[in-house]
Amino acid sequence: MTDQMPVTSPVLEMRDVSISYSGIIPAVTGVDLLVRPGEIVGIIGESGSGKSTLAQSILGLLPETVKISGQKLALSGVDLLAASDSTLRNLRGPAAAMIFQNPMTTFSPLHTLGRQLMDLLWRERHLSTLEKRQMILVALQDVGLPDPAARLEAYPFQLSGGMLQRVAIAAALLMRPSLLVADEPTTALDVTMEAQILHLMREIRNKAGVSILMISHHLGVIAELCDRVAVMYAGRIVEEGPVETIFADPRHPYTKALFACEPALISDTAMRLPVIGGEVPRPVDVGCGFAGRCSQVLDCCSVLSPPWVAVHNTDAPHLSRCHRSAP
Ligand SMILES: Nc1ncnc2c1ncn2[C@@H]1O[C@H](COP(=O)(O)OP(=O)(O)O)[C@@H](O)[C@H]1O
Ligand SMILES: [Mg+2]
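Quick notes on the rules
- Residues numbered from 1 in each chain as written.
- Chains lettered and ligands numbered in written order.
- Predicted model: local features only at pLDDT ≥ 70, side-chain atom pairs only at ≥ 80, totals over all residues.
- Heavy atoms only, no water.
- 1 Å grid on protein atoms, 1.4 Å probe; cavity = no way out; pocket = protein on both sides within 12 Å on 5 of 7 lines; lining within 4 Å.
- Points joined across faces, edges and corners; volume = space filled by probe spheres on them.
- Nonpolar A, V, L, I, M, F, W, Y, C, P; charged D, E, K, R; others polar.
- Axes fitted to C-alpha atoms, helices over the stretch in contact; angles between N-to-C directions.
- Helix = DSSP H or I, 4+ residues; strand = E, 2+ residues; numbered from the N terminus.
- Parallel < 35°, antiparallel > 145°, perpendicular 65-115°, else oblique.
- Left-handed = near helix turned anticlockwise from the far one by under 90°.
- Contact = heavy atoms within 4.5 Å.
- Buried < 20%, exposed > 50% of the residue type's maximum accessible area, 1.4 Å probe, protein only.
- Pairing = 2+ DSSP bridges.

1. Notes on empty space enclosed by the protein
Line of reasoning, step 1. For the structure shown, the criterion picks out two cavities of 30 Å³ or more.
Line of reasoning, step 2. By volume, the largest cavity is sized at about 80 Å³.
Line of reasoning, step 3. Around the largest cavity, the lining is made up of 14 residues, and of these P253, C288, C294, C301 and C322 lie nearest the centre.
Line of reasoning, step 4. Residues of the lining of the largest cavity, tallied by class, amount to nine nonpolar, three polar and two charged.

Here is the structure:
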């Protein structure tokens, strides 16, 4: 078997991926990330740490002027960095779909939801309009939308944020993706709606086996939903491991700082990230980007790039990019 066989390939594989908007300071630096079939992986980090840039690179949503480099950015075994335009076009629908923070901007305000969902099925030329309509109704039912037939006639503004986010999830699933990338999908919702959407996402994984990359700056969401979590700081992944391990035994001082303020609230879905003192993160070339804000800083931290160290080396390793984690 080769790693090009979809059955055995990870759904997403990033190796040493860097992304620059302007060419001087990359927004994302040297990211390694793996999402296996059926897995829910979380990315957590402060605003500006590069989470959305990373997400958009997977879906090919970044402007053409943005430079993506690295060893590999593969969806279901197909490397997008090496792919031709036609491979990308064919892959984008089936391989990955995205859910955004604000469901109002997912849809056009000018057309009914039914028309917009129909348009998404343009590839399915072998299906009649009636068959497509039936597919859409089933998808809307699957995401728990009450009275789906009536919603087809509705315009986006006629639905609540939570209901519209359900429609957005249904729209993504109509593409039958292997990977769902969700960028802060519950940030614009109230706590009750948030809990319902998280429940729905867990159901989607369990029933349809879709892998999910869940981006959030919200610890409770990550703790509740994810199998593994990657902590992002200033364009880099600084810690990664099984969600229980990261929450119970964080090793990177940045992760510790994120959790330090109110550990009792980690199970509370309403919890937001505490604010850490110091400057807004900026990617650095040399040393550790957190050195200037770190309470455990060593002399070497600002001059030597920290190693990517396995804290626990099990089936799902726990890794930390910190001089203090080194043996
Ligand atoms: N369209 C853009 N043009 C230039 N820089 C951008 C653009 N979008 C984001 N950035 C920069 O990239 C970095 C990462 O941003 P982003 O990916 O939005 O982070 P996050 O989603 O974690 O808040 C930030 O420094 C941000 O200013
Ligand atoms: Mg973002």
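So that's the structure; there's more coming.
2. Some words on the packing of helix α5 (residues 129-142) against helix α7 (residues 161-174)
The axes of two packed helices give the description: the angle between them and the distance between them.
Line of reasoning, step 1. Remark: α5 packs on α7, axes separated minimally by 9 Å, with the N-to-C direction vectors making an angle of 130 degrees. On the basis of the axis angle, α5 is oblique to α7. Relative to α7, the crossing made by α5 is right-handed. From α5, M135, I136, A139 and L140 reach across to α7, where they touch V167, A170 and L174.
Line of reasoning, step 2. Here the contact of α5 with α7 is composed, by residue class, of seven nonpolar, no polar and no charged.

3. What about the side chain of E124?
Line of reasoning, step 1. Looking at the secondary structure, you find E124 in the loop between α4 (113-120) and α5.
Line of reasoning, step 2. Given a relative accessible area of 12%, E124 falls into the buried group.
Line of reasoning, step 3. Ignoring any residue separated from it by four or fewer positions in sequence, one finds E124 in contact with K132 and R176.

4. Comments concerning the pairing of strand β1 (residues 12-20)
Line of reasoning, step 1. Across the nine residues of β1, seven count as buried, placing the element largely inside the fold.
Line of reasoning, step 2. Pairing geometry for β1 and strand β2 (residues 28-35), over five bridges, is antiparallel. The residue of β2 that forms the bridge with I19 is V28.
Line of reasoning, step 3. Alignment of β1 against strand β5 (residues 72-75), held across four bridges, turns out to be antiparallel. Each bridged residue has a counterpart across the sheet, and for R15 the counterpart in β5 is K72.

Honestly, that's just the spatial picture; any functional story needs more than this.
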